[in-house]
Amino acid sequence: MPARGGCGPGVGLRRGPDRFVRPLALAPGSVTSVTVTGPGAPVAFSAEPAPSRYPALVIPPTPQSAEQPRRPVALTLRKPLFLPGRTEVPTPMKLTVVGCSGSFPSQDSACSSYLVEADGYRLLLDMGNGALGELQRHCGLYDLDAIVLSHLHADHCIDMCGYFVARYYRFEGGRPASIPVYGPEGTERRLTTAYADTPSEKSMSEVFDFHTLHGGGEFTAGPLNVRVEQVSHPVEAYGFRIEHEGSVLTYSGDTGECDEVGSLAENADLFLCEASFTHGKEDIPGLHLNGLQAGKYAQAAGVRRLVLTHVPPWTDARANLRDARSAYAGPVELARPGAVYEI
Ligand SMILES: [Zn+2]
Ligand SMILES: [Zn+2]
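Numbers given to residues run from 1 along each chain, matching the order in which its sequence is written. Just so you know, chain letters begin at A and ligand numbers begin at 1, following the order they were written in. The predicted origin of the model limits local features to residues at a pLDDT of at least 70 and limits the giving and counting of side-chain atom pairs to 80 or more, whereas totals for whole chains, interfaces and linings rest on all residues.

(A) Structural view of the pairing of strand S17 (residues 238–244). Residues are called buried when their C-beta atom has 20 or more other C-beta atoms within 10 Å, exposed when it has 12 or fewer, and partly exposed otherwise; all C-beta atoms are positioned from the backbone. Secondary structure elements follow DSSP: runs of H or I no shorter than four residues count as helices, runs of E no shorter than two count as strands, and numbering proceeds from the N terminus. Here S17 lies mainly inside the structure; seven of its seven residues are buried. Neither face of S17 is left uncovered, since the one carrying Tyr 238, Phe 240, Ile 242 and His 244 and the one carrying Gly 239, Arg 241 and Glu 243 both have all their residues buried. A pair of strands is treated as paired once DSSP finds two or more bridges between them. The pairing of strand S16 (residues 224–230) with S17 spans six bridges and is antiparallel. Residue pairing for S17: Val 226 is matched across the bridge by Ile 242. Strand direction decides the pairing type here: S17 and strand S18 (residues 247–251), joined by five bridges, are antiparallel. Bridging from a neighbouring strand, Glu 243 pairs with Val 248 of S18. Remark: two residues form the turn of the hairpin made by S17 and S18, two consecutive strands paired antiparallel; Glu 245 in that turn has positive phi of roughly 50 degrees.

See below:
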């Protein structure tokens, strides 16, 4: 189960796909102690965090005696680690579900919005209704480095209007530098129209640096490589394959069945896939997927984990979960606000 936001329980380590030992789960906070348990008596020690955006711990040599041969140990930690002999360790890509309700907000969740972090870089996927408030539970208002909008339906972009206000009229003064915003053709015009009375038609571009997405395209956002494919939806819409240090996160966006979904998800570590419809209930091509279809894509693509999202409040999410499980042999769960995944 993913840890909710806030100070979660202790976490473990796993061997990464390459040379790195990677923390499985991180929790915010200022804990600086590490407890090591292994053969023999547990050993405890502490260290000071490094003065960086992501404070890290330095592990001193494990004080094991000759009678206690070195064997794998379980670590409990709350920060990324520096390993002996290394000056830096890349942080794993982290996904935080800011909002996951489909089409309109539910009692429990804002609409689509997902925070992707790696190496101190923060990219937000979508900013639907209610997402701006929830986002502030997970990072500072001005801590985003880039925003990607999958399409211009309100449940994926409308809180950009409020975010424009926060950046353009920053109460503390000193307007922040513009950040890149990637979206479909006409994103700037649409958002300006939605806000209605910006000081000028170009005011949004003073705080947002707009870029137009194209199917088959690719761009780099900080340490993240983002592949873009157009998916099947009534408006211009995109899905994304985000890679960092060999790890892959795929986000379907809003889509009906199309080859691009399977292509983006190929061997992904985590596949965040919409499941708006219910198998046997709605059948409208080119609009949304149901749980069964999401499960089939996940199975065919060989993903390591499936997270169903964008389930509207009027849809039986448990039914969609059961349908996905019937088609996909790997771990699958429903997205929930505040859930954190390390990828
Ligand atoms: Zn939507
Ligand atoms: Zn949509």
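This is not the end of the story, as more comes after the structure.
(B) Representation of the packing of helix H3 (residues 160–168) against helix H4 (residues 187–195) in the model. Only the stretch in contact is used when fitting a helix axis, every axis being a line fitted to C-alpha atoms; angles between N-to-C directions are given from 0 to 180 degrees. At a closest axis distance of 9 Å, the pairing of H3 and H4 adopts a crossing angle of 80 degrees. In terms of axis orientation, H3 runs roughly perpendicular to H4. For the pair H3 and H4, the contacting residues are Met 160, Cys 161 and Phe 164 in the first and Leu 191, Ala 194 and Tyr 195 in the second. Each residue belonging to the contact of H3 with H4 can be placed in one class, and the counts come to six nonpolar, no polar and no charged. For classification purposes, an angle smaller than 35 degrees is called roughly parallel, one larger than 145 roughly antiparallel, one from 65 to 115 roughly perpendicular, and anything else oblique. Each residue gets a C-beta atom placed from its backbone, and two residues are in contact if those atoms lie within 7 Å. Amino acid classes used here: Ala, Val, Leu, Ile, Met, Phe, Trp, Tyr, Cys and Pro are nonpolar; Asp, Glu, Lys and Arg are charged; the rest, including Gly, are polar.

(C) Layout of helix H7 (residues 317–327). Those residues of H7 lying buried are Ala 317, Asn 320, Leu 321, Asp 323 and Ala 324. For H7, the arc enclosing every buried residue in end-on projection is 165 degrees, short of the 170-degree limit, so these residues lie on one face. For H7, the exposed residues lying more than 90 degrees away from the buried face are Arg 318 and Ser 326. Close packing links the buried residues of H7 with helix H6 (291–301), strand S20 (306–309) and strand S21 (332–334). The directions from the helix axis to the C-beta atoms form the arc being described.

(D) View of the pairing of strand S22 (residues 339–342). Side chains of S22 alternate between two faces, with Ala 339 and Tyr 341 and Val 340 and Glu 342 buried alike. In this sheet, S22 lies alongside strand S9 (residues 94–99) in antiparallel orientation, the contact comprising three bridges. Considered in S22, the bridge of Leu 95 is made with Tyr 341.

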